[in-house]
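# Understanding the architecture of this molecule
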Amino acid sequence: MMSQPVPSSVPKSIAPSPAAPAADPLTHVELTWIEKRIENWIRFGRPAHAQTLDRSRRIVSFAPNSIFAFVRWAANDFGTVVSRIDIVRAVAPGEAYQTLPFVRPGGEILLRADGWPKVEKVLQHMDAVEAIGINGADVAPDHWRHVHNRLVAGHMPRAYTTERHHAWLKRRECGE
């Protein structure tokens, strides 16, 4: 089917462009910080770009395949209403993804924990990983899935070790 020419009465600003714009390869996360009300932050990850919108909001962007931890906490006059952590792998354009509030377009959710007791366990696990000198963004994605599954089942996850990390790095070198 051929496209119809745009009538001269249609302003060029709303006329369809001849070529579709290139898809944005980055995953954007909107962070809000209003003390004791809304506190969204990145626990770990390596942003490729950051933009400050105003005193309480900014947007950080991640390259495809990078991993980051996104923490959301909100309260009202009666106490905490949201306490959540997600560990997310940023996806490439055209790749399938899961939607997540404040994350555009979304990502592959490796771990999700709701409620302060579970969030606290995940944060403690992250601290243990960092204590052995490994950034959470470099941990094998399978390990974050393991932590998620163990916590959902009510069990303690296995510790992430330097040996496991070296095995992940070798596997990644080989193209999995």
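Located above this text is the structure these notes cover.
Overview of the structure.

## Describing helix α3 (residues 162-173)
Taking 1.5 Å per residue, 12 residues should reach 16 Å; α3 reaches 16 Å between its end C-alpha atoms and fits that length. Of the residues trailing α3, Gly175 is marked for its positive phi of about 85°.

## A few points about the pairing of strand β5 (residues 67-76)
With eight of 10 residues buried, β5 lies mostly within the body of the structure. In this structure, β5 lies alongside strand β6 (residues 79-90), joined through 10 bridges in antiparallel fashion. Residue pairing in the sheet places Phe68 in a bridge with Val88 of β6. Two successive antiparallel strands, β5 and β6, enclose a turn made up of two residues.

## Some details on the nonpolar core
Counting 23 residues, the largest nonpolar core has Phe44, Ile85, Ile87, Leu111, Met126 and Trp144 as its most contacted members. Within the residue set of this core, elements represented by two or more residues are β5, β6, β8 (103-114), α1 (116-131) and α2 (141-152). By residue number, the principal contributor to this core is α1, which donates five residues. Look past the residues within four positions of Ile85 in its chain and what remains in contact with it is Phe70, Val71, Leu111, Arg112, Ala113, Val119, Val122, Leu123 and Met126. Within the second largest apolar cluster, 10 residues are counted, among which are Val29, Val60, Phe70 and Leu100.

Criteria and thresholds
Residues numbered from 1 in each chain as written. Predicted model: local features only at pLDDT ≥ 70, side-chain atom pairs only at ≥ 80, totals over all residues. Heavy atoms only, no water. Helix = DSSP H or I, 4+ residues; strand = E, 2+ residues; numbered from the N terminus. Expected span 1.5 Å × (residues − 1). Buried < 20%, exposed > 50% of the residue type's maximum accessible area, 1.4 Å probe, protein only. Pairing = 2+ DSSP bridges. Core = buried A, V, L, I, M, F, W, Y, C linked by side-chain atoms within 4.5 Å. Contact = heavy atoms within 4.5 Å.

Everything listed is a geometric property; what it means functionally is a separate question.
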